[in-house]
Amino acid sequence: MEWLKHLTEAIDYIEDHLEGEISYEEAARIACCSVYYFQRVFSYVAGISLSEYIRRRRMTQAAFDIQRTNRRITDIGLKYGYDSPTAFNRAFQRVHNIPPVAARIAGSKLNAYPPIRFSVSISGACPLTYRVTEKKAMRVVGIRIPLVEDMEENQRRVPEFWNSAINKNLLADIIGVSDREPEGILGITAYEGPGQIFYYIAAATGAAAPKGMLEYEIPSARWVIFENEGPFKETVQNAFRQFYTEWLPFSGYEYVGLPDIEIYPICSRSYGHSEVWIAVKT
């Protein structure tokens, strides 16, 4: 449960600095992890990106200030980190669906987002099915794109990458080299350090990498595996969320930080059976 305590402390830091500069590095330090890992965990647990959460909280407080005070709109924007009135207006409308000046009109509808408080819950009526297995080092071959530490941007890049691979018929080439377990098309998120984050679409193989493809080796590890049925995007994201909020806090295991693996069937559908593999240790 210690990691959950650290996440809560990081959120407290963010709340204390809504009116000033928020350092992602400091928030990650408080959470005892890298900036990338902090944003990744946050997005799965909270259901929104860290940047969107901060935007919502600042615009919630900005709306209160606009309604309760006679301060100029531009000054309130500056208070919450927006040097440009245009940028503040855009952020405010994104959260409240009305411009800042309209918030002073009686009866205006606004959206309030309270601070997030992380909690852990388990429903005995809905078991979380998993298995733990040891695997030797895996060699995969495929294509990749760079990711960034901003999860909101990554959530845009990865689906576009899949769509591009499908449209260019690259999945067939990747499937063609698959001759090892785990079988299927693999989606692999590999964090190698700041500025070295990649997402692979690949297959496990012992064959040489065809022209235009890259090879990557995942070390031997102990993996917790969650099996899913349904739309790939929703069920895979839910598996990661359940890992962090329901399984990890009570399991006695720790997250290792090796690449996370998504396994999809060799088909063109966007739903069906999928698996999520996450490396852990005791």
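Residues numbered from 1 in each chain as written. Predicted model: local features only at pLDDT ≥ 70, side-chain atom pairs only at ≥ 80, totals over all residues. Heavy atoms only, no water.

Most often, soluble globular proteins keep nonpolar side chains buried together rather than apart. Membership of the largest hydrophobic core comes to 59 residues, with the highest contact counts inside it found for Ile14, Ile201, Phe243 and Tyr244. If we skip the residues at most four places from it in the chain, Tyr244 touches Trp3, Tyr37, Arg40, Val41, Tyr44, Val45, Pro249 and Tyr255. If you look at the next biggest cluster of nonpolar residues, it comprises 18 residues, including Leu186, Ala204, Ile225 and Trp277. (Core = buried A, V, L, I, M, F, W, Y, C linked by side-chain atoms within 4.5 Å. Buried < 20%, exposed > 50% of the residue type's maximum accessible area, 1.4 Å probe, protein only. Contact = heavy atoms within 4.5 Å.)

Taking 1.5 Å of rise per residue, twelve residues should cover 16 Å, and helix 3 (residues 35–46) covers 16 Å from first to last C-alpha, within 8% of that figure. Within helix 3, eleven of the twelve residues are buried, leaving the element largely enclosed by the surrounding structure. Phi turns positive, to about 85°, at Gly47, one or two residues after helix 3. (Helix = DSSP H or I, 4+ residues; strand = E, 2+ residues; numbered from the N terminus. Expected span 1.5 Å × (residues − 1).)

Glancing now at the pattern of salt bridges. Note on pairing: side chains with opposite charge can pair once their charged atoms come close. One pass over the full model with this rule turns up 23 salt bridges. Across the pair Arg241 and Glu246 runs a salt bridge, and its minimum N-O distance is 3.9 Å. You can call Arg241 partly exposed: its relative accessible area is 27%. Classification of Glu246 by relative accessible area gives buried; the value is 16%. (Salt bridge = Lys/Arg side-chain N within 4 Å of Asp/Glu carboxyl O.)

With 19 residues, helix 4 (residues 50–68) should cover 27 Å at 1.5 Å per step; its first-to-last C-alpha distance of 27 Å lies within 8% of that length. Within helix 4, 14 of the 19 residues are buried, which leaves it mostly tucked inside the rest of the structure.

Summarising the element assignment, Asp260 is placed in strand 8 (residues 260–264). Residue class for Asp260 comes out buried when judged on its relative accessible area of 2%. Among the polar contacts listed, one links the side chain of Asp260 to the side chain of Arg40, at a separation of 2.9 Å. Once residues lying within four places of it in the same chain are set aside, the contact partners of Asp260 are Arg40, Gly187, Ile188, Thr189, Phe240, Tyr255, Trp277 and Ile278. (Polar contact = N/O pair within 3.5 Å; in protein donor to acceptor, adjacent residues only side chain to side chain.)

A few words on the side chain of Ser274. Within the element layout of this structure, Ser274 appears in strand 9 (residues 271–281). Ser274 gets classed as buried once you look at its relative accessible area, which sits at 0%. Those residues within four positions of Ser274 in sequence are excluded, and the remaining contacts are Phe226, Glu227, Asn228, Phe232, Thr235, Val236, Ile263 and Tyr264.

A separate point is the packing of helix 3 against helix 9 (residues 232–251). At their nearest, the axes of helix 3 and helix 9 sit 8 Å apart, and the two run at 105° to each other. What the angle tells us is that helix 3 and helix 9 run roughly perpendicular. For the pair formed by helix 3 and helix 9, the contact residues are Tyr37, Arg40, Val41, Tyr44 and Val45 on the first element and Gln237, Phe240, Arg241, Tyr244 and Thr245 on the second. Residue composition of the contact of helix 3 with helix 9, by class: six nonpolar, two polar and two charged. (Axes fitted to C-alpha atoms, helices over the stretch in contact; angles between N-to-C directions. Parallel < 35°, antiparallel > 145°, perpendicular 65-115°, else oblique. Nonpolar A, V, L, I, M, F, W, Y, C, P; charged D, E, K, R; others polar.)

What is shown is where atoms sit, not what they do.
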